[in-house]
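If you want the building blocks of each chain, they are given just below.
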Amino acid sequence: QVQLVESGGGLVQAGGSLRLSCAASGRAFSNYAMGWFRQAPGKEREFVAAINWNGGRIYYADSVKGRFTISRDNVKNMVYLQMNSLKPEDTAVYSCAADSLIDTIISNLSRVGSWGQGTQVTVSS
């Protein structure tokens, strides 16, 4: 398992940008696919973005395509989520996740191996 700690959340106006970071520790970071999820109040956790071990496969939810960018640095053991053109409906707790299989992150979140504690993102209108 890998331990994950997110940072970078906050309050931003609609149209603004934020960059979330997720620091990983534990077993070899480059062995893991990484992802970002979000959960708004009263809603289920939903997939946002995923990246495989070397960045060769990247996936986004339709709701964030063209606005969000996921990236990783295997030297620094970090994964990032650059969020641009933020909308009030992007307000949620954002969590990073790690799993050996990117397909698990994309389509089977109940089986994802490791989760961070989450960071709050609030977008005001």
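Anything mentioned here points back to the structure above.
Now for a quick tour of the structure. In this text, all values refer to a predicted model and were calculated from it rather than measured experimentally. (Residues numbered from 1 in each chain as written. Predicted model: local features only at pLDDT ≥ 70, side-chain atom pairs only at ≥ 80, totals over all residues. Heavy atoms only, no water.)

Comments concerning the packing of aromatic side chains
Here is the rule we go by: Any Phe, Tyr or Trp ring, taking Trp's six-membered ring, that has another such ring centre within 6.5 Å forms a pair; planes under 30 degrees apart are called stacked, those over 60 apart edge-to-face, and the others tilted. Here a helix means four or more residues in a row that DSSP labels H or I, a strand means two or more in a row labelled E, and each is numbered from the N terminus. Burial here depends on accessible area, computed with a 1.4 Å probe over protein chains only, as a share of the maximum for the residue type. Under 20% is buried, over 50% is exposed, and the range in between is partly exposed. Only when the NZ of Lys or the CZ of Arg is both within 6 Å of the ring centre and within 35 degrees of the ring normal is a charge said to sit over the ring.
Scanning the entire structure with this criterion turns up two aromatic pairs. Relative to Phe47, the ring of Phe37 lies with its centre 5.9 Å away and its plane at 75°, an arrangement referred to as edge-to-face. Of the two residues, Phe37 is situated in strand β4 (residues 33–39) and Phe47 in strand β5 (residues 46–51); the sequence distance between them amounts to ten residues. Among the residues examined, Phe47 registers a relative accessible area of 16% and is labelled buried. For the cation-ring pair, Arg72 lies above Phe29, with the distance from its terminal atom to the ring centre recorded as 4.4 Å.

Observations concerning the sheet that holds strand β7 (residues 68–73)
Rule in force here: Strands pair, by our definition, only if DSSP identifies at least two bridges between them. Only the stretch in contact is used when fitting a helix axis, every axis being a line fitted to C-alpha atoms; angles between N-to-C directions are given from 0 to 180 degrees.
Pairing within the open sheet is antiparallel, and its four strands lie in the order β1-β3-β8-β7. If you trace the sheet from one side to the other, it starts and ends with β1 (2–7) and β7, each paired once. Here the strands of the sheet are splayed against their neighbours by 20° on average, with no regard to which way each runs. Across six bridges, β1 lies against strand β3 (residues 18–26) in antiparallel orientation. Across the sheet, Val5 pairs through a bridge with Ala23, a residue of β3.

Structural notes on the environment of Tyr59
What counts is decided by this rule: Any pair of residues with heavy atoms lying within 4.5 Å of one another is described as a contacting pair.
Assignment of secondary structure puts Tyr59 in strand β6 (residues 58–60). Sequence separation of Tyr59 and Gly35 is 24 residues, and the distance between their C-alpha atoms is 9.1 Å. The residues touching Tyr59, leaving out its near neighbours within four places in the chain, are Phe47, Val48, Ala49, Ala50, Ile102 and Ile106.

Overview of the side chain of Asp99
Basically, it comes down to this: Under this rule, positive means Lys or Arg and negative means Asp or Glu; His and the chain ends count for nothing. Any Lys or Arg side-chain nitrogen found within 4 Å of a carboxyl oxygen on Asp or Glu counts as a salt bridge. By the criterion applied in these results, polar contacts are pairs of N or O atoms within 3.5 Å in which, for protein atoms, one can donate a hydrogen and the other can accept it, and in which residues neighboring in sequence qualify only through two side-chain atoms.
The topology assignment puts Asp99 in strand β9 (residues 92–99). In this structure, Asp99 is buried with no salt-bridge partner, the nearest side chain bearing the opposite charge being Arg111 at 7.6 Å. Within the local environment of Asp99, its side chain forms a polar contact with the backbone nitrogen of Leu101, the two atoms lying 3.0 Å apart. Within the local environment of Asp99, its side chain forms a polar contact with the backbone nitrogen of Gly113, the two atoms lying 2.9 Å apart. Other than its neighbours up to four places away in sequence, Asp99 contacts Tyr32, Ala33, Thr104, Ile105, Arg111, Val112 and Gly113.

Read these as spatial facts, not as claims about activity.
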